[in-house]
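Coordinate inspection notes
Here's the letter readout for the chains.
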Amino acid sequence: MRGASAALVVCLMLLGSRGARAESPYTSADFVGQPKFDAHVHANTAAGVFLKVAARDGFELLSINVDYPDFPPLDRQAQIAHQLRGVDPRRFHFATTFSMAGFGGKDWSADTIRHIDAEIARGALAVKVWKNIGMVEKSAQGRLIMLDDPGFDGVMQHLEQRGVPLIAHQAEPKNCWLPLDEMTTDNDRSYFREHPEYYMYLHPEQPRYEDLMAARDRFVARHPTLIFVGAHLASLEWSVDELARFLDAFPNATADLAARMSQVQYQSKSNYAKVRRFFIRYQDRILYGSDLTEEPPASVARAQNPPTVAGQFAAEADAFWRSDWIYLATGGRQHIDAINADVQGLALPRSVIDKIYRSNARRIFRLTEKPSES
Ligand SMILES: [Zn+2]
């Protein structure tokens, strides 16, 4: 009897300590040891430094090919992805994309589907569409092609049928439509100062931010079974309330955090509890992503695709990842240059961190094999 009750006490103590541990957030010392997934990076070289830093810091990578004129040509991006996947298929994943050349012609849909299927056969986990749709590409009549254009229906239905996620970068941060002195973050300020062609405040003839968001929403509504990942917090980075409305309206949609953490930090500076509540409420819908780019194209493009100093990739990637971990996973304070402020970490519960940092991505991108071991 005494033995049984002693065992019960020990058992309760164990349960108690396990419960307490589950409640306490991770620390910065836990960063390396926790398996993590960066769902938005760009490997623009097969040099392999990215894979080495990822292995050291405990990350799997999803490298996204994108039709961005400052990046290598699409064929070269695909080649690099195939090569790195060959080196470490458990750690390195990639998303393919497609060219808009010939869009609207009679063969575009069939050719694009054939290209996507060939890349999936080589391991692609998703397809990316970029902001060129809605902001750059024009029809033969000279009108901007929006994402909800019926010309995309064949390709999108194919993705729906195959269960292949679409990662969509539509529009830009809302800052892009504001004068420089009203922008919330320094990285946007320098990017748009250096990229007047993408700085919509200077192009009032272009679609408004709200028009692009509306076209995106019509598109998502038009494809209710498409697995939709809104890159860069679905361009609703400026308001967790707006992002919550988007996620509520579209149950198949998720969003990645790539290159928008400072916007979240800007909001948590003024309303910490609201931002923290948002992550807990939408813990199944948010993917960690950085937008780290190995071999960013040129200094002017680096404000959105870190690192900022050529040749410093390994050190900058490590510092970037650690800073995000301190913010999301711990209660630590740190200075954030992009908003020139000290920011307190959200100290999200471990179970929430595990989802945002790994299991959401593995679910959405349908990775069922064993995780990579570091
Ligand atoms: Zn990106």
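Helix and strand counts for the protein chain come out as 14 helices and eleven strands. The burial tally for the protein chain puts 53% of its 374 residues in the buried class. Of the contacts made within the protein chain by residues no fewer than 6 positions apart, 73% connect residues no fewer than 24 positions apart. When the accessible surface of the protein chain is split by element, carbon and sulfur atoms take 54% of a total near 16,300 Å².

This brings us to the pattern of salt bridges. Taken as a whole, this structure holds 18 salt bridges when the rule is applied. The shortest N-O distance in the salt bridge between Arg358 and Glu60 comes to 3.6 Å. A residue pair is termed long-range when its members are at least 10 positions apart, and Arg358 in helix 14 (residues 350-364) and Glu60 in strand 2 (residues 59-64) qualify at 298 residues. Look at Arg358 and you get buried, because its relative accessible area is 16%. We classify Glu60 as buried; its relative accessible area is 1%. The shortest N-O distance in the salt bridge between Arg322 and Asp318 comes to 3.0 Å. Note that Arg322 and Asp318 are positioned in helix 13 (residues 313-329) at a spacing of four residues, about one turn of the helix.

Our next topic: the environment of Phe103. Note on placement: Phe103 falls in the loop between strand 3 (92-97) and helix 4 (108-121). In this structure the C-alpha to C-alpha distance between Phe103 and Ile145, which are 42 residues apart in sequence, comes to 9.5 Å. Not counting chain neighbours up to four residues away, the residues in contact with Phe103 comprise Trp108, Ile145, Asp149, Gly151 and Phe152.

One pass over the full model with this rule turns up 26 aromatic pairs. Ring centres of Tyr26 and Trp325 lie 5.3 Å apart, and the angle between their planes is 40 degrees; on these two criteria the pair is classed as tilted. Taken together, the residues span a long stretch of sequence, with Tyr26 in the loop between helix 1 (2-23) and strand 1 (36-43) and Trp325 in helix 13 at a distance of 299 residues. Here Tyr26 and Trp325 have matching classes, each one buried. A ring pair is formed by Phe103 and Phe152, whose centres lie 4.6 Å apart and whose planes are at 35 degrees; its orientation type is tilted. In this pair, Phe103 sits in the loop between strand 3 and helix 4 while Phe152 sits in the loop between helix 5 (132-135) and helix 6 (153-162), placing the two residues 49 residues apart along the sequence. We note that Phe103, like Phe152, is buried. An aromatic cluster is defined as three or more aromatic residues linked by ring pairs; in this entry it consists of Tyr26, Phe31, Phe50, Phe59, Tyr288, Phe313, Trp321, Trp325 and Tyr357. Here the basic side chain of Lys36 rests over the ring of Phe31, its NZ or CZ set 4.4 Å away from the ring centre.

Right, let's get into the confidence of the model for the protein chain. In this model, the protein chain carries a mean pLDDT of 90, and residues with pLDDT of at least 70 account for 89%. Low pLDDT (under 50) marks residues 6-20, which in the prediction has zero contacts with non-local residues, meaning those over four places away or in another chain.

So, on to the packing of helix 2 (residues 49-57) against helix 13. Running from N to C, helix 2 and helix 13 cross one another at 40 degrees; their axes reach a closest spacing of 10 Å. Comparing their axes, helix 13 and helix 2 come out oblique. Between helix 2 and helix 13 lies a crossing whose hand is right-handed. Residues Val49, Phe50, Val53, Ala54, Arg56 and Asp57 of helix 2 lie in contact with helix 13, whose contacting residues are Phe313, Ala314, Ala317, Asp318, Trp321 and Arg322. Split into classes, the residues belonging to the contact of helix 2 with helix 13 amount to eight nonpolar, no polar and four charged.

So, on to the nonpolar core. What tends to happen in soluble globular proteins is that the nonpolar side chains get buried as a cluster. Grouped together as the largest cluster of nonpolar side chains are 95 residues, with contacts concentrated most on Phe98, Met156, Leu257, Phe279, Trp321 and Leu328. It is helix 13 that contributes the most residues to this core, seven residues altogether. Those residues within four positions of Met156 in sequence are excluded, and the remaining contacts are Phe98, Val129, Leu166, Phe219, His223 and Leu226.

We now examine the sheet that holds strand 3. The parallel open sheet is built from nine strands, whose spatial order is 8-7-6-5-4-3-2-1-9. Of all strands in the sheet, those bounded by a partner on one side alone are strand 8 (286-287) and strand 9 (293-294). Here strand 5 (residues 166-168) runs beside strand 6 (residues 228-230); their pairing, made up of three bridges, is parallel. For Ala168, the partnering residue across the bridge sits in strand 6 and is Gly230. Sheet strands in contact with helix 10 (residues 240-249) are strand 6, strand 7 (253-256) and strand 8, and its direction is about 145 degrees off that of strand 7.

For the rest of this paragraph, the subject is the pairing of strand 10 (residues 333-336). A one-sided burial pattern is seen for strand 10, the buried positions being Gln334 and Ile336 and the unburied ones Arg333 and His335. In the sheet, strand 10 pairs with strand 11 (residues 341-344) via four bridges, with the strands oriented antiparallel. Considered in strand 11, the bridge of Ile336 is made with Ala341. Hairpin geometry of strand 10 and strand 11 is characterised by an intervening segment of four residues between the two adjacent antiparallel strands and by a positive phi of about 45 degrees at Asn340.

Below, the discussion takes up the side chain of His158. With respect to the helices and strands, His158 occurs in helix 6. Once residues lying within four places of it in the same chain are set aside, the contact partners of His158 are Ile113 and Asp117.

With that settled, consider helix 13. For helix 13, built from 17 residues, the straight-helix expectation of 24 Å at 1.5 Å per residue is met to within 8% by its first-to-last C-alpha distance of 23 Å. Among all positions of helix 13, only Phe313, Glu316, Ala317, Asp318, Trp321, Ser323, Asp324, Trp325, Tyr327, Leu328 and Ala329 are buried.

Thresholds applied
Along each chain, numbering runs from 1 in the same order as the chain's sequence is written. Local features in this predicted model are restricted to residues of pLDDT 70 or higher, and side-chain atom pairs are both shown and tallied only at a pLDDT of 80 or more, whereas totals for entire chains, interfaces and linings draw on every residue. Excluded from the side-chain calculation are hydrogens and water; included are all heavy atoms of the structure. A helix here means a DSSP run of H or I that spans at least four residues, while a strand means a run of E at least two residues long, and both kinds are numbered starting from the N terminus. Relative accessibility thresholds used throughout: buried, under 20% of the residue-type maximum; exposed, over 50%; partly exposed, between the two (1.4 Å probe, protein chains only). It only takes one pair of heavy atoms within 4.5 Å for two residues to be counted as in contact. Only the protein chains shown count as cover for residues, with accessible areas throughout obtained via the Shrake-Rupley method and a probe of 1.4 Å. Here, a salt bridge means any Lys or Arg side-chain nitrogen found within 4 Å of an Asp or Glu carboxyl oxygen. In this scheme Phe, Tyr and Trp rings, the latter by its six-membered ring, pair at centre separations within 6.5 Å, and the angle between planes marks the pair as stacked below 30 degrees, edge-to-face above 60, and tilted otherwise. Definition used: whenever NZ (Lys) or CZ (Arg) falls within 6 Å of the ring centre and also within 35 degrees of the ring normal, the charge is taken to sit over that ring. By definition, pLDDT measures how confident the predictor is in each residue, and it falls between 0 and 100. Helix axes are fitted only over the stretch in contact, all axes being lines through C-alpha atoms; the angle between N-to-C directions runs from 0 to 180 degrees. The cut-offs work like this: below 35 degrees is roughly parallel, past 145 is roughly antiparallel, 65 to 115 is roughly perpendicular, and the gaps in between are oblique. Here a crossing is taken to be left-handed if its near helix is turned anticlockwise relative to the far helix by less than a right angle, and right-handed if that turn runs clockwise. By the convention adopted, Pro, Cys, Tyr, Trp, Phe, Met, Ile, Leu, Val and Ala count as nonpolar, Lys, Arg, Asp and Glu as charged, and the other residues, Gly among them, as polar. Residues belong to one nonpolar core when they are buried, are Ala, Val, Leu, Ile, Met, Phe, Trp, Tyr or Cys, and are joined through side-chain atoms within 4.5 Å. Any two strands with at least two DSSP-identified bridges between them are counted as paired. Multiply 1.5 Å by the residue count of a helix minus one, and that product is the helix's expected span.

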